[in-house]
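# Residue-level structure breakdown
For reference, the chains in residue letters:
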Amino acid sequence: MSFPRRQVLGFAASLLIGLAAATSQAQAQSKELVIFAAASLKNALDEAAASWVKESGKPAPKISYAASSALAKQLEQGAPADMFLSADLDWMDYVAGKKLIKPETRVSLLANRIALIAPSDSKATATLALGVDLAATLGAGRLAMANVDSVPAGKYGKAALEKLGGWDKVKDKVAQADNVRAALLLVSRGEAPLGIVYATDAAADPKVKVIATFPEDSHPPIIYPVAVTKDSANPDAAAFLTFLRGNGAKASFEKQGFTVLNKPASSS
């Protein structure tokens, strides 16, 4: 049996349209949630995301970790992401100023502390008080820090040392890293005798130890804001943000040493 050519072509076109629609629908359903997050959040956020996947049955989100400054610049350049978690208010303010987030979704989620660390077998000691001189403790070694001009952990560390009168004594002995986890690694590998990282980073690496914690009034409050990006159309973004603000993620954050704030931006 033969069919008219027009009928065959029509059937083929309908089949192609149907396949395209099905493919498009499958792609929409399988679109993964893309999150940009500060490097210091890795352990806690990985655990929280795994809990969300188990609880919701949703696909695992794709999380890109880097310095908040680098992630903010990537968003500005059009990199696709559904959510941004910054390690300070400044870089969230930056992307908000560029109208890259949905302001009504912004929340001050977490708080942290910065600490002076050394390799776990180190005998080094230090007191972080007015007049501190870390250069004497470092000797010929270097002080590992995240970039002090752009990365939040580095900026906090520099501000604290300036407040305590110790920056000028040590600024020429600083080994600057791209992000706080890279600074942590320098100390963990024994390549730097001291480093300044978040207390949560130190808790995540058994090869380092905290030898002193900076006074909270020596630097601006360390607050981690989160927001859904302006162009996100993924419904899972709102669901994951709700999860991060709830008890499901609280244990993961507190386990790593974060303080959960969960305050809307207007009250932070």
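Residues numbered from 1 in each chain as written. Predicted model: local features only at pLDDT ≥ 70, side-chain atom pairs only at ≥ 80, totals over all residues. Heavy atoms only, no water.

## Quick word on the overall build of the protein
Along the backbone of the protein there are eleven helices and eleven strands. A fraction of 79% describes how many contacts in the protein between residues 6 or more apart in sequence connect residues 24 or more apart. Put simply, the protein shows about 13,200 Å² of open surface, and 54% of that area lies on carbon and sulfur atoms. (Helix = DSSP H or I, 4+ residues; strand = E, 2+ residues; numbered from the N terminus. Contact = heavy atoms within 4.5 Å. Areas by Shrake-Rupley, 256 points an atom, 1.4 Å probe, with all protein chains shown as cover.)

## With respect to the packing of helix α2 (residues 42-56) against helix α10 (residues 235-244)
Each pair of packed helices can be described by the angle between their axes along with the distance between the axes. For the pair α2 and α10, interaxial distance at closest approach is 11 Å and the crossing angle is 115 degrees. Once α2 is placed against α10, the crossing between them reads as right-handed. Of α10, the residues touching α2 (which contributes Leu45, Ala48, Ala49, Ser51, Trp52 and Glu55) are Asp236, Ala239, Phe240, Phe243 and Leu244. Here the contact of α2 with α10 is composed, by residue class, of eight nonpolar, one polar and two charged. (Axes fitted to C-alpha atoms, helices over the stretch in contact; angles between N-to-C directions. Left-handed = near helix turned anticlockwise from the far one by under 90°. Nonpolar A, V, L, I, M, F, W, Y, C, P; charged D, E, K, R; others polar.)

## Observations concerning the nonpolar core
The nonpolar side chains of soluble globular proteins are, as a tendency, buried together. Among the nonpolar cores identified, the biggest contains 68 residues, and Leu41, Leu85, Leu116, Leu143, Phe240 and Leu244 are the most heavily contacted of them. Among residues more than four places away in sequence, those in contact with Leu41 are Asp46, Tyr65, Leu85, Leu110, Tyr224, Phe253 and Phe258. The next biggest cluster of nonpolar side chains, apart from the first, holds 14 residues, and it includes Leu71, Leu75, Val95 and Ala227. (Core = buried A, V, L, I, M, F, W, Y, C linked by side-chain atoms within 4.5 Å. Buried < 20%, exposed > 50% of the residue type's maximum accessible area, 1.4 Å probe, protein only.)

## Side note on the sheet that holds strand β5 (residues 114-119)
On the basis of which strands lie adjacent, the open sheet formed by five strands has the order β7-β6-β8-β5-β9 and mixed pairing. Every other strand in the sheet has two partners, leaving β7 (174-177) and β9 (208-213) as the edge strands with one partner each. Here the strands of the sheet are splayed against their neighbours by 35 degrees on average, with no regard to which way each runs. Of the strand pairs in this sheet, β5 and β9 are connected by five bridges, and their pairing is antiparallel. Its bridge partner lying in β9, Ile117 is registered against Val210. (Pairing = 2+ DSSP bridges.)

## Some words on the pattern of salt bridges
Counted according to the given criterion, the structure contains 14 salt bridges. A salt bridge links Arg106 to Asp93; the shortest N-O distance between them is 2.8 Å. On the criterion of sequence distance, the pair formed by Arg106 in the loop between α4 (89-97) and β4 (107-111) and Asp93 in helix α4 is long-range, its members being 13 residues apart. For Asp93, a relative accessible area of 40% translates into the label partly exposed. A network of salt bridges, in which partner residues are shared, links Lys73, Glu76 and Lys98. (Salt bridge = Lys/Arg side-chain N within 4 Å of Asp/Glu carboxyl O.)

## Considering the side chain of Ser218
Position of Ser218 among the secondary structure elements: in the loop between β9 and β10 (223-228). Of note is the side chain of Ser218, whose polar atom sits 2.6 Å from the backbone oxygen of Pro215. Ignoring sequence-local partners within four residues, the contact set of Ser218 consists of Ala159, Ala160, Lys163 and Leu164. (Polar contact = N/O pair within 3.5 Å; in protein donor to acceptor, adjacent residues only side chain to side chain.)

## Structural notes on the sheet that holds strand β1 (residues 34-38)
Across the sheet, six strands lie side by side as β2-β1-β3-β10-β4-β11; this open sheet has mixed pairing. Single-partner strands in this sheet number two, and they are β2 (62-66) and β11 (259-264). Neighbouring strand axes in the sheet, compared pairwise and without regard to direction, differ in orientation by 20 degrees on average. Relative to strand β3 (residues 83-85), β1 is paired through three bridges, and the arrangement is parallel.

## Considering the pairing of β4
Burial analysis of β4 places five of its five residues in the buried class, the great majority of the element. Both β4 and β10 contribute to a ladder of four bridges, which runs antiparallel. Bridge pairing links Leu110 to Tyr224 in β10. Where β4 and β11 come together, four bridges link them in antiparallel fashion. Within β11, the residue paired with Val107 across the bridge is Pro264.

## Let's talk about the environment of Val180
Checked against the element boundaries, Val180 lands in helix α8 (residues 180-188). Overall, Val180 belongs to the buried group, its relative accessible area being 3%. Each residue touching Val180, except ones within four places of it in the same chain, is listed here: Ser40, Ala146, Val151, Ala153, Val197, Tyr198 and Asp201.

## Description of the environment of Ala96
Here Ala96 is to be found in helix α4. By relative accessible area, Ala96 is classed as partly exposed at 30%. Considered as a pair, Ala96 and Thr229 are 133 residues apart in the sequence and their alpha carbons are 9.3 Å apart. In contact with Ala96, not counting residues within four places along its chain, are Ile101 and Arg106.

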